[in-house]
Amino acid sequence: MIKLIDILKEIKWLTKSYDLAATYHFPLTPDVVKMLNGGKRIKSFHITSFEKLNLLKSLENTKKSLSTFTRTKNKNLYKNLKAHWNSGVLCYIEGDIVIKSISDILTIPDDTGRRWIKFNAPGNTVHTSSIQRDFEEFIISKNIDILRDEILKANLEKDFSKEMNIKRNIYLKKYLKLAAEFAYIHSNKILKKLGGEDLLDDELSDTDEIVLNNIKLLDCAYSNEASPEDIQLIKKLFPGEKIPVPVGTEEAINIVNNFIKSRQ
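Residues numbered from 1 in each chain as written. Predicted model: local features only at pLDDT ≥ 70, side-chain atom pairs only at ≥ 80, totals over all residues. Heavy atoms only, no water.

Participant: Even after reading the chapter, I still don't get the overall build of the chain, so can you show me in this structure?
Facilitator: Helix and strand content of the chain: eleven helices and eight strands. Counting across all 264 residues of the chain, residues that qualify as buried make up 51%. Taking all contacts inside the chain whose residues are at least 6 apart in sequence as the whole, residues at least 24 apart take part in 79%. Surface exposure of the chain reaches about 12800 Å², of which carbon and sulfur atoms provide 53%. (Helix = DSSP H or I, 4+ residues; strand = E, 2+ residues; numbered from the N terminus. Buried < 20%, exposed > 50% of the residue type's maximum accessible area, 1.4 Å probe, protein only. Contact = heavy atoms within 4.5 Å. Areas by Shrake-Rupley, 256 points an atom, 1.4 Å probe, with all protein chains shown as cover.)

As structure tokens, this is what we get:
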């Protein structure tokens, strides 16, 4: 089973956009987000470490996206902050929806902060393999795979010459345009699948996944193992409630459960 800490990845933008395109990931561009009913402002939760709080704060009022959740069935999350939160912080935030799914879809951030989906990624509990197949067939039908193969070969050979980078950018622009076309054609099917309309309750993962941008930090619950410096940082970054939680105790279950339930 995929652990919550694996699903809610730490904030980092390392993967190049053209690499994700070359492996048939689906980009959540602004045009695609509009077609998939994004933009609504909601409140949700995100788990991070004390070391990443300043980086999280830097996302406020930007288009860089963040994976969050509004639902969890992981009871261990409530009790053992050290194991499941990396001795860190459960953040309550608000932001604009980029995309949402009733179950985790394992979105991946690229080097610009844009999120991508591989509909049939291992661990994805939403039944979207048919969408991935249709998307790959759609891209292949547009005859850009020759350029894709050239990029993959150049990656293996570590060819990052100016000429090759121009080709990467050309491929990426074409790919993003085609992805928007695909979303326009298949938006109803994508929304139905991501909404989990064909999932049974016992098929749902531990959490849903809500990708947000333009975020704002609100409240937090944090491990009582926080250092004095960590506590000062929390007081500085979160304008609302800041609740310490005793790690590994039964009391922690009630505190964290109440923190989440009172904000749902």
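Participant: Explain the environment of Ala252 to me, please; I cannot follow it from the model alone.
Facilitator: Secondary-structure assignment places Ala252 in helix H11 (residues 250–261). Separated by 29 residues in sequence, Ala252 and Ser223 place their C-alpha atoms 9.5 Å apart.

Participant: Is there a simple way to think about the layout of surface pockets in this case?
Facilitator: It is a probe the size of a water molecule, rolled over the atoms, that shows where empty space is left. Counted as a void, the largest pocket has a volume near 320 Å³. Contributing elements (two or more residues each) for the lining of the largest pocket: helix H3 (30–35), strand E4 (89–101) and strand E7 (209–223). Looking at the lining of the largest pocket residue by residue, the classes come out as five nonpolar, eight polar and five charged. (1 Å grid on protein atoms, 1.4 Å probe; cavity = no way out; pocket = protein on both sides within 12 Å on 5 of 7 lines; lining within 4 Å. Points joined across faces, edges and corners; volume = space filled by probe spheres on them. Nonpolar A, V, L, I, M, F, W, Y, C, P; charged D, E, K, R; others polar.)

Participant: Explanation requested: the sheet that holds strand E6 (residues 115–117) in the structure shown.
Facilitator: One key point about sheets: their strands pair by backbone hydrogen bonds, in either a parallel or an antiparallel sense. Judged by pairing direction, the sheet is antiparallel, and its three strands sit side by side in the order E1-E6-E5 without closing on themselves. Both edges of this open sheet fall to strand E1 (26–27) and strand E5 (108–109), since each of them pairs with a single strand only. Two strands pair when backbone bridges link them, and E1 and E6 are joined in this way by two bridges, in the antiparallel orientation. What sits directly across from Pro27, in E6, is Trp116. (Pairing = 2+ DSSP bridges.)

Participant: Could you clarify how one ought to interpret the side chain of Arg168 in this entry?
Facilitator: Here Arg168 lies in helix H9 (residues 162–194). It is Asp19 that comes nearest to the buried, bridge-free Arg168 among opposite-charge side chains, at 5.4 Å. At 2.8 Å, the side chain of Arg168 forms a polar contact with the side chain of Asn155. (Lys, Arg positive; Asp, Glu negative; His and termini not counted. Salt bridge = Lys/Arg side-chain N within 4 Å of Asp/Glu carboxyl O. Polar contact = N/O pair within 3.5 Å; in protein donor to acceptor, adjacent residues only side chain to side chain.)

Participant: I keep staring at the pairing of strand E8 (residues 242–245) and nothing clicks. Help me out?
Facilitator: Sheet faces and side chains relate simply in a regular strand, where the side chains alternate between the two faces. Two elements, E7 and E8, share four bridges in a ladder whose sense is parallel. The residue of E8 that forms the bridge with Cys220 is Lys242. One crossover worth recording links E7 to the parallel E8 by way of helix H10 (residues 228–237), and it is right-handed. (Right-handed = clockwise from strand over helix to strand, strands pointing away.)

Participant: Would you take a moment to explain the nonpolar core for this structure?
Facilitator: In globular proteins that are soluble, nonpolar side chains generally tend to be buried together. Residues Phe26, Leu28, Ile99, Ile139 and Tyr175 are the most contacted members of the largest nonpolar core, which totals 35 residues. Of all elements in the fold, only helix H2 (17–22), H3, E4, E6, helix H7 (129–141), helix H8 (145–156) and H9 reach the threshold of two or more residues within this core. Ranked by residues supplied to this core, first place goes to H9 with twelve residues. Those residues in contact with Ile99 that sit more than four places away from it in its chain are Leu28, Leu36, Ile105, Ile117, Leu194, Glu209, Ile210 and Val211. In this structure, Phe50, Leu56, Leu59 and Leu237 belong to the second largest nonpolar core, which totals 21 residues. (Core = buried A, V, L, I, M, F, W, Y, C linked by side-chain atoms within 4.5 Å.)

Participant: Explain H10 to me, please; I cannot follow it from the model alone.
Facilitator: Within H10 the residues assigned to the buried category are Asp230, Leu233, Ile234 and Leu237. In a view along the axis of H10, the buried residues occupy a sector of 100°, so they form one face of it. The exposed set on the far side of H10, more than 90 degrees from its buried face, consists of Pro228, Gln232, Lys235 and Lys236. Contact partners of the buried residues in H10: helix H4 (53–57), E4, E7 and E8. (Arc of directions from axis to C-beta.)

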